[in-house]
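Summary of the model geometry
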2 protein chains.
Amino acid sequence: MKKLINNVDDLLKESISGFCKAHGDLVIAGADNKFIRRCELADKKVALISGGGSGHEPLHAGFVGSGMLDAACPGEVFTSPTPDQMLAAAQDSDTGSGVLFIVKNYEGDVMNFEMAAELYEGECASVITDDDVAVEKSTYSTGRRGVAGTMIVEKILGAAAENKMDLNDLQALGESVNGSTRSMGVALTSCTVPAAGSPTFELGDDEIEMGVGIHGEPGRKRIHLESADKHVNEMVGAILDDLGQQANGEAIVLVNGFGASPLMELYLVYNSARKLLEQNGVKLARSMVGNYVTSLDMAGCSITVCMANEDMLSLWDQPVHAPALRWGC
Amino acid sequence: MKKLINNVDDLLKESISGFCKAHGDLVIAGADNKFIRRCELADKKVALISGGGSGHEPLHAGFVGSGMLDAACPGEVFTSPTPDQMLAAAQDSDTGSGVLFIVKNYEGDVMNFEMAAELYEGECASVITDDDVAVEKSTYSTGRRGVAGTMIVEKILGAAAENKMDLNDLQALGESVNGSTRSMGVALTSCTVPAAGSPTFELGDDEIEMGVGIHGEPGRKRIHLESADKHVNEMVGAILDDLGQQANGEAIVLVNGFGASPLMELYLVYNSARKLLEQNGVKLARSMVGNYVTSLDMAGCSITVCMANEDMLSLWDQPVHAPALRWGC
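Residues numbered from 1 in each chain as written. Chains lettered and ligands numbered in written order. Predicted model: local features only at pLDDT ≥ 70, side-chain atom pairs only at ≥ 80, totals over all residues. Heavy atoms only, no water.

Per the secondary structure count, chain A includes 8 helices and 16 strands. Relative to the 2.2 N^0.38 estimate, which gives 20 Å for 329 residues, the radius of gyration of chain A is 19 Å and therefore close to what a compact globule would have. By the burial criterion, 64% of the 329 residues in chain A qualify as buried. Partitioning the contacts of chain A with sequence separation of at least 6, the portion at a separation of at least 24 is 73%. Working note: accessible area of chain A is about 11,200 Å², and carbon and sulfur atoms make up 46% of it. (Helix = DSSP H or I, 4+ residues; strand = E, 2+ residues; numbered from the N terminus. Rg over C-alpha atoms; globule rule 2.2 N^0.38 Å. Buried < 20%, exposed > 50% of the residue type's maximum accessible area, 1.4 Å probe, protein only. Contact = heavy atoms within 4.5 Å. Areas by Shrake-Rupley, 256 points an atom, 1.4 Å probe, with all protein chains shown as cover.)

The next thing to look at is the packing of aromatic side chains. Applying the stated criterion to the full structure yields 6 aromatic pairs over all chains. Residues Phe19(A) and Tyr267(B) carry aromatic rings whose centres are separated by 5.1 Å and whose planes lie at 75° to one another, so their mutual orientation is edge-to-face. Of the two residues, Phe19(A) is situated in helix α1 (residues 11-22) and Tyr267(B) in helix α7 (residues 263-279); the pairing between them involves two chains. Relative to Trp327(B), the ring of Trp316(B) has its centre 5.5 Å away and its plane inclined at 50°; by these criteria the two rings are tilted. Of this pair, Trp316(B) sits in helix α8 (residues 310-317) while Trp327(B) sits in strand β16 (residues 325-327), placing them 11 residues apart in sequence. Across the pair, Trp327(B) and Trp316(B) agree in class, each one buried. (Phe/Tyr/Trp six-rings, centres within 6.5 Å; stacked < 30°, edge-to-face > 60°.)

Here we take up a nonpolar patch on the surface. Residues and elements named next belong to chain A. The grouping of Met111, Met115 and Leu119 at the surface amounts to a nonpolar patch, some 290 Å² of accessible area in total. Checked against the element boundaries, methionine 115 lands in helix α3 (residues 107-119). Residue classification places methionine 115 among the partly exposed positions, given a relative accessible area of 37%. (Patch = residues over 30% accessible without salt bridge, like charges linked within 9 Å, V, L, I, M, F, W, Y side chains within 5 Å. Salt bridge = Lys/Arg side-chain N within 4 Å of Asp/Glu carboxyl O.)

Running from N to C, helix α7 (residues 263-279) of chain A and helix α1 (residues 11-22) of chain B point in directions that differ by 70°, and their axes come no closer than 7 Å. Compared by their axis directions, α7(A) and α1(B) come out roughly perpendicular. Taking contact as the criterion, the partners of Met264(A), Tyr267(A), Leu268(A), Tyr270(A), Asn271(A) and Arg274(A) in α7(A) are, on α1(B), Leu11(B), Leu12(B), Glu14(B), Ser15(B), Ser17(B), Gly18(B), Phe19(B), Lys21(B) and Ala22(B). Here the residues of the contact of α7(A) with α1(B) sort into 8 nonpolar, 4 polar and 3 charged. (Axes fitted to C-alpha atoms, helices over the stretch in contact; angles between N-to-C directions. Parallel < 35°, antiparallel > 145°, perpendicular 65-115°, else oblique. Nonpolar A, V, L, I, M, F, W, Y, C, P; charged D, E, K, R; others polar.)

Next up on the list: the pairing of strand β14 (residues 300-307) of chain B. Residues and elements named next belong to chain B. Within β14, 8 of the 8 residues are buried, which leaves the element mostly enclosed by the surrounding structure. Of the two faces of β14, the one carrying Gly300, Ser302, Thr304 and Cys306 and the one carrying Cys301, Ile303, Val305 and Met307 are both buried. Two elements, strand β9 (residues 181-187) and β14, share 7 bridges in a ladder whose sense is antiparallel. Bridge assignment links methionine 184 to a residue of β14, and that residue is isoleucine 303. Pairing of strand β12 (residues 249-257) with β14, which is carried by 7 bridges, proceeds in the antiparallel orientation. (Pairing = 2+ DSSP bridges.)

Size of an interface, as often reported, equals the accessible area lost when the parts are brought together. Each partner contributes to the interface: chain A provides 56 residues, whereas chain B provides 56 residues. Buried surface at the junction of chain A and chain B, both sides included, amounts to about 4,700 Å², of which 64% is carbon and sulfur. Looking only at chain A, the three residues that lose the most surface to chain B are Lys2(A), Leu4(A) and Met264(A), adding up to 21% of its buried area. Linking chain A with chain B are 2 salt bridges, by the criterion used here. Across the contact surface, chain A and chain B share 26 residue pairs in polar contact (both at pLDDT 80 or more). Elements with a minimum of two residues in the side of chain A that touches chain B: α1, α6 (228-243), α7, β13 (282-290), β14 (300-307) and β16 (325-327) of chain A. In the side of chain A that touches chain B, the residues fall into 27 nonpolar, 15 polar and 14 charged. (Buried area = accessible area lost by both parts, 1.4 Å probe. Polar contact = N/O pair within 3.5 Å; in protein donor to acceptor, adjacent residues only side chain to side chain.)

Here's what the structure looks like:
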């Protein structure tokens, strides 16, 4: 394992320390690094809190800031944060209008956020994201996995919360955005979890994992590496099939790198995906290409399509000022 | 070689196509992809043009936009663009106040930009960046290499050009920013140039290249991988030694990933570098952590320190709206 770390046990702590110092104008860490919170909370606004295992940076802490999340709870690498982290984040971020948890659909995350919700004495609701069309059940999840579409849910809900939307409406909007969002990914290499010290899975020199999860979970099949167009065709096809009648109109499209794939390749994938989507009646109203929901040092990428109505696009365009996403301010 | 491409010869073309479609509100490609230019040029403003081999994305095309570059000329991967590209970019971008070329110090780039300057009939000047302290002469360069500090030069000059600074003053400012900027990098793995099909250099399982160049050029030495703190100490030490008396006061600090190193590690490196810099009298007035000047799929990172006076910090803070850098708008 080749990583720029001091020792495995201190990686998360030292990384959070660097993150909070580099972005000290935007975020602070809670006691014992239980959560990372935006410096200034807004009054009469539902607090949006997400979290999950580390190793997917910039998700979630990179999206803490005005117009997006109020707090994020970082677990150890690929390990759910604990209920006391979410509870502490809720207690610290709630300014009186309640708390909405945004949770990727993995058993550990769902269970721990549920437990925190039970323990929390204030008003509290949850939105669970499960945008990955690759498989119906996976290593750590019952039902579909929550992957890169989570970022889109967080951005749109972040804007709506800033507009003082109430907790019930935010929850409904989150379910609606998740319900119109689909993703699928492909891995060219494995990632290496620092505490494990060796690759999570093995791929041959010309093999790829089609439909991989963001922790390296198996996808639909292991196949030979062929042209990008061919693989993009399979991913976009799976997304469109699953969207069915919804796949018509304007969309927010994200080509998300898993960490080790150069931008040149991600833009090539976008180029290929865009053609297919347009041929199928999807208008790419907003586009993002880059590393937003990563899997440590895995090479590969995912494609996310969020069919977006006017309201969603308008919320998407609202200002955001977070360490990893900024526009309009 | 595992890459998401169709065929090597079309990689650049397809990638540029995707880039220009994804960011169609900001940039357009010139004929034959000779350059990528911002959609709207400003009157009475010096045109800033950079360029170089591809494979370092988002540098340079990702920095084309208001408040930064007017155009960028993409060469093939790790290959200088040709003089006719720079000439076409100059002719297309100059609104009457002349053109400033920002050139990383590699022999091919310097020669080709010089040739373009000779051919160009308008007013024209150049700034050459050479911020890499690792070695005094390298595979493709006489004198020091221009690396991640180039982004800082481009940002500060971009703001000054937007303020209608004239060509002579911009050139002087560019030389001043470059003169107060130093970088050094370390590679944990090689990169693989698509047309070559195999890694540029070989490293053992526990070896790193200290002082590596952004094309995988040799650095100062090949050593065993040890703690991040130890390697950061060597890089920051080399930067501070070279800055000498300049290393006192406020700085813009960039921890730049080469492409395949997770953000967790980059923030850990920032944390380590920050401590050392502060101990040595450098105040981190502005900080950036992320992949800005990459080397395809190389794992590793560089540290850049730009000692910045009030004017430079103020220009740094001015709005920018480019595909890969955005604030204030």
